[in-house]
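Listed below, chain by chain, are the residues.
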Amino acid sequence: VYVPSTISGYVINSTLTIPAGVALVGDGRGLSMSRWNEASAVAATTEPGASTLRLGNTTTSAIILRTNSRVEGLNLYYPTQAWGLTSVASALSSFGTTIQLGDAADAGPFNCNVLAVNFLGASKAIGQYTSDGTAIRTLNIEDIGGWPTEYLLKVFRATDVLHIHNVHLTPNYLTPF
């Protein structure tokens with residue numbers, strides 16, 4: 001599923017589940033990480049070639065990846081995050097996991113891919129569904145950046161290769177602009 005760039009981005013107010021074998025691909029394909037990191041939270045929606053999802057769902061996961069699914073080339077932006085030059089950790093909002101790997105219907109996902117994604121205002125970037133303790137198998141994370149305030153990746157059990165490459169995150173950076 002192609003997500004073209006827009007000036008204002010696309011608003012997602014509930015959980016978006018990416019079915020098995022489906023890719024959600026934006027215009028961020030081919031952008032270098034240095035260019036992704038130069039974008040501020042405001043410029044993320046106006047930068048040429050930026051496909052932005054504005055996430056309004058704050059209590060549950062914004063995106064769920066199932067087996068053989070992929071998210072690529074997107075800015076994932078929480079516009080309600082309390083960014084500012086004087087922000088302190090206690091003032092920041094805590095949201096649900098931005099990208100959740102698996103769910104009750106696909107608890108042991110195989111080959112989940114997160115590629116060229118920028119996390120803006122997220123508290124928990126990528127996390128594994130864990131209610132039954134099923135292991136994840138083969139995870140690919142490449143070319144990601146942003147400012148998660150709690151964690152980048154939380155995987156509790158893995159039975160195969162975890163490929164993590166070219167990750168540029170500053171979890172303690174309170175002001176992205």
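One can find the structure itself at the top, above this paragraph.
Since this is a predicted model, take the numbers as computed values, not measurements.

Undergrad: Describe in detail the sheet that holds strand β6 (residues 63-65), supporting the description with residues and values.
TA: Here we have five strands laid out as an open sheet, ordered β3-β6-β8-β10-β12, and parallel in their pairing. Here the strands that pair on one side only, and so sit at the sheet edges, are β3 (16-18) and β12 (151-154). Put simply, the sheet's adjacent strands are angled 15 degrees from each other on average, direction ignored. Here β3 pairs with β6 via three bridges, running parallel. Looking at the pairing, Thr17 lines up with Ile64 of β6.

Undergrad: Got a sec to walk through the pairing of strand β8 (residues 97-101)? Specific residues and values, please.
TA: For β8, a buried count of five out of five residues is recorded, marking the element as mostly surrounded by other parts of the structure. Judged from the three bridges that link them, β6 and β8 form a sheet pairing that is parallel. Looking across to β8, one finds that Leu65 is bridged to Leu101. Across four bridges, β8 lies against strand β10 (residues 124-128) in parallel orientation. Each residue of the ladder has a partner; that of Thr97, found in β10, is Lys124.

Undergrad: Can you lay out the side chain of Asp106 for me, pointing to particular residues and giving the numbers?
TA: Relative to the helices and strands, Asp106 resides in the loop between β8 and β9 (110-120). With no salt bridge to any partner, buried Asp106 finds its closest opposite charge in Arg66, at an N-O distance of 5.0 Å. Once you skip the residues sitting within four places of it in the chain, Asp106 turns out to touch Arg66 and Thr67.

Undergrad: Pulling in residues and values, what's your account of the environment of Val155?
TA: Here Val155 is to be found in the loop between β12 and β13 (162-169). Given the relative accessible area of 26%, Val155 is considered partly exposed. Separated by 16 residues in the primary sequence, Val155 and Leu139 have C-alpha atoms spaced 9.8 Å apart. Sequence-distant contacts of Val155, defined by excluding residues within four places in its chain, comprise Gln128, Ile136, Leu139 and Leu162.

Undergrad: Please give an account of the nonpolar core that cites residues and values.
TA: Among the nonpolar cores identified, the biggest contains 28 residues, and Ile99 and Phe119 are the most heavily contacted of them. Of all the secondary structure elements, the ones that give two or more residues to this core are β5 (52-55), β6, β7 (70-77), β8, β9, β10 and β11 (137-146). In terms of residue count, β9 provides more of this core than any other element does, four residues in total. Beyond its immediate chain neighbours, meaning those up to four positions away, Phe119 contacts Leu76, Thr98, Ile99, Val114, Ala125, Ile126, Ile144, Gly145, Gly146 and Trp147.

Here is what the cut-offs are and how they apply
- Residues numbered from 1 in each chain as written.
- Predicted model: local features only at pLDDT ≥ 70, side-chain atom pairs only at ≥ 80, totals over all residues.
- Heavy atoms only, no water.
- Pairing = 2+ DSSP bridges.
- Helix = DSSP H or I, 4+ residues; strand = E, 2+ residues; numbered from the N terminus.
- Axes fitted to C-alpha atoms, helices over the stretch in contact; angles between N-to-C directions.
- Buried < 20%, exposed > 50% of the residue type's maximum accessible area, 1.4 Å probe, protein only.
- Lys, Arg positive; Asp, Glu negative; His and termini not counted.
- Salt bridge = Lys/Arg side-chain N within 4 Å of Asp/Glu carboxyl O.
- Contact = heavy atoms within 4.5 Å.
- Core = buried A, V, L, I, M, F, W, Y, C linked by side-chain atoms within 4.5 Å.

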